[in-house]
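The primary structure of each chain is shown beneath.
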Protein chains: 2
Amino acid sequence: MADDIFKALADPTRRTILDELAESPGQTLFELCSRLAMKHRLGMSRQAVSQHLAVLEAAGLVETRREGRYKFHDLNPAPLRHLTERWTGPNPTEDTP
Amino acid sequence: MADDIFKALADPTRRTILDELAESPGQTLFELCSRLAMKHRLGMSRQAVSQHLAVLEAAGLVETRREGRYKFHDLNPAPLRHLTERWTGPNPTEDTP
DNA sequence: TTGTCAGGCAAGCGTCTGCTTGCCTAGGGT
DNA sequence: ACCCTAGGCAAGCAGACGCTTGCCTGACAA
């Protein structure tokens, strides 16, 4: 559970993918590949990115929806919210109603 | 920098060590070894724990002080505070004075 | 139908990593 | 002096991880 999330965050390429999905949601695999290559100078094969996305999806950090032959990816930051409170203590005034 | 922190958090044993140091600060290597063995049923060699502590210290999550032949370890949660805001956005009401 | 394009599956390979084992240094007590 | 204890250094090993390559499936268009 939390283990999957921390392990998913351990790789710099996966963190860059999260950055990219935060900046422009709903990208397909090919869009992510080209933007990682252009903006971040990461020359990786399509399968490498696909495997990273699988790890992120298994951790619940990325959600996907299919439309025809396209698969769109979106960041889900919810699992990250209280991840480190285990050691920092709850943020005193967070979630004030 | 952030890479060291995420990589340090990726291992479940290291997260347990942080838990243990949060619960009772200032433990020595041997104290940590025995408590990991007793409370968490982790049978590891002393060197394994020592190497984990080195990783945590390199990431800035654990600080140490020597006294004679003892070396005491303390949790430093500061690097964890804003670690995930990169994707969650800043906590709206955090750090209110 | 045939061709093309987005994506998935699986095996293989090199590297990193967590852990062990063995030996070594330094501080403190008798 | 001697011994014991807390900790460090370094080599070695098995498994995990990141990435590639090659082939396959399914959706659309000509």
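For the structure, see preceding data.
Here the structure is a predicted model, which is why all the values come from computation and not from measurement.

A. Quick look at the overall build of chain A. A tally of helices and strands in chain A yields 5 helices and 2 strands. In chain A, the succession of α and β elements from N to C terminus is α-α-α-α-β-β-α. With respect to the three principal axes, the spread of C-alpha positions in chain A is 45 × 25 × 25 Å. A burial count over chain A gives 43% of its 97 residues as buried. Put simply, of all contacts in chain A between residues at least 6 apart along the chain, 48% involve residues at least 24 apart. Here chain A displays about 5400 Å² of accessible surface, and carbon together with sulfur accounts for 53% of that area. Taken as two groups, the 13 positive and 14 negative side-chain charges of chain A have centres that lie 7 Å from each other.

B. Expanded view of the pairing of strand 1 (residues 62–67) of chain B. Residue and element names in this part refer to chain B. Bridging between strand 1 and strand 2 (residues 70–75) involves 6 bridges; their strand directions are antiparallel. Across the sheet, Arg66 pairs through a bridge with Lys71, a residue of strand 2. The hairpin formed by strand 1 and strand 2 contains 2 residues between the paired strands, and Gly68 there has a positive phi angle of roughly 60°.

C. Representation of the relation of the copies chain A and chain B within the structure. Aligned on chain B, chain A shows an RMSD of 0.0 Å; the corresponding rotation is 180° and the shift along the axis is 0.0 Å. The superposition of one copy onto the other is thereby described by a two-fold rotation axis. When you check the interface residues of chain A against chain B, 100% turn up at the interface there too, and the contact is symmetric in its surfaces.

D. Local environment of the packing of aromatic side chains. Residues and elements named next belong to chain A. Taken as a whole, this structure holds 4 aromatic pairs over all chains when the rule is applied. Aromatic pair Phe6 and Trp87: ring centres 6.2 Å apart, planes at 50°, arrangement tilted. Taken together, the residues Phe6 in helix 1 (residues 2–9) and Trp87 in helix 5 (residues 85–88) connect sequence positions 81 residues apart.

E. Main features of the protein's contact with DNA strand D. Every one of the 21 residues lining DNA strand D counts as a neighbour, but Arg14(A), Ser45(A), Gln51(A), His52(A) and Lys71(B) are closest to it. The protein-proximal atoms of DNA strand D, defined as those within 4 Å of the protein, are 61% sugar or phosphate. Contacts to DNA strand D include Arg14(A), whose side-chain N or O atom sits 2.9 Å from a phosphate oxygen. Between DNA strand D and Arg46(B), the relevant distance is 3.0 Å, taken from a base oxygen to a side-chain nitrogen or oxygen of the residue.

F. Inspection of the interface of chain A and chain B at higher detail. Counting residues at the interface gives 23 residues for chain A and 23 residues for chain B. Buried area between chain A and chain B, summed over both chains or domains, comes out near 2200 Å², and the portion from carbon and sulfur atoms is 56%. Linking chain A with chain B are 4 salt bridges. Between Asp19(B) and Arg86(A) there is a salt bridge; the shortest N-O distance is 2.8 Å. Here the element with the most residues in the side of chain A that touches chain B is helix 2 (residues 12–23) of chain A; it accounts for 6 residues.

G. The arrangement of the protein's contact with DNA strand C in detail. Close to DNA strand C lie 22 residues; Lys71(A), Ser45(B), Gln51(B), His52(B) and Arg69(B) are nearest. What you see for DNA strand C is that sugar and phosphate hold 60% of its atoms within 4 Å of the protein. Ser50(A) is positioned such that a nitrogen or oxygen atom in its side chain is 3.4 Å from a phosphate oxygen of DNA strand C. Contacts to DNA strand C include Arg14(B), whose side-chain N or O atom sits 3.2 Å from a phosphate oxygen. Looking at the surface near DNA strand C, the elements that each hand over two or more residues are helix 3 (29–40), helix 4 (46–58) and strand 2 (70–75) of chain A together with helix 2 (12–23) and helix 4 (46–58) of chain B.

H. Representation of the packing of helix 2 of chain B against helix 4 of chain B within the structure. All names here are of chain B. Direction vectors running N to C along helix 2 and helix 4 enclose 80°, while the axes themselves pass 10 Å from each other. One finds that helix 2 runs roughly perpendicular with respect to helix 4. Of helix 4, the residues touching helix 2 (which contributes Thr13, Arg14, Ile17 and Leu18) are Val49, His52, Leu53, Val55 and Leu56. By residue class, the composition of the contact of helix 2 with helix 4 is 6 nonpolar, 2 polar and 1 charged.

What counts and how
- Position numbers for residues start from 1 in each chain and track the written sequence from start to end.
- Starting at A for chains and at 1 for ligands, labels are handed out in the order in which the entities are written.
- With the structure being a predicted model, the display of local features is reserved for residues of pLDDT at least 70 and the display and counting of side-chain atom pairs for 80 or more, all residues being used for whole-chain, interface and lining totals.
- Excluded from the side-chain calculations are hydrogens and water; all other atoms, namely the structure's heavy atoms, are used.
- A helix here means a DSSP run of H or I that spans at least four residues, while a strand means a run of E at least two residues long, and both kinds are numbered starting from the N terminus.
- Using a 1.4 Å probe on the protein chains alone, a residue whose accessible area is under 20% of its type maximum counts as buried, one over 50% counts as exposed, and one in between counts as partly exposed.
- The contact criterion used throughout is that any non-hydrogen atoms of two residues lie within 4.5 Å.
- Computed with the Shrake-Rupley method and a 1.4 Å probe, the accessible areas treat only the protein chains shown as cover for residues.
- As used throughout, the charge tally considers Lys and Arg to be positive and Asp and Glu to be negative, leaving His and the chain termini uncounted.
- Every charge is mapped to an atom, namely NZ of Lys, CZ of Arg, CG of Asp or CD of Glu.
- For two strands to pair, DSSP has to find at least two bridges joining them.
- The fit set for superposing copies consists of C-alpha atoms from residues with pLDDT of at least 70 in both; the fit itself is least squares.
- Working definition: rings of Phe, Tyr and Trp (its six-membered ring) pair if their centres are within 6.5 Å, and the pair is stacked with planes under 30 degrees apart, edge-to-face with planes over 60 apart, and tilted otherwise.
- Being near a molecule or strand, for a residue, means having at least one of its heavy atoms within 4 Å of it.
- Nitrogen and oxygen atoms within 3.5 Å of one another constitute a polar contact, given that in protein one can donate a hydrogen and the other can accept it, and given that sequence-neighbouring residues count only through two side-chain atoms.
- Defined in terms of a 1.4 Å probe, buried area is the accessible area two parts forfeit on being brought together, summed over both.
- We define a salt bridge as a side-chain nitrogen of Lys or Arg found within 4 Å of a carboxyl oxygen belonging to Asp or Glu.
- Axis definition: a line fitted to C-alpha atoms, over the contacting stretch in the case of helices. Angles run 0 to 180 degrees between N-to-C directions.
- Roughly parallel covers angles under 35 degrees, roughly antiparallel covers those over 145, roughly perpendicular covers 65 to 115, and oblique covers all other angles.
- Three categories are distinguished: nonpolar for Ala, Val, Leu, Ile, Met, Phe, Trp, Tyr, Cys and Pro, charged for Asp, Glu, Lys and Arg, and polar for the others, with Gly belonging to the last.

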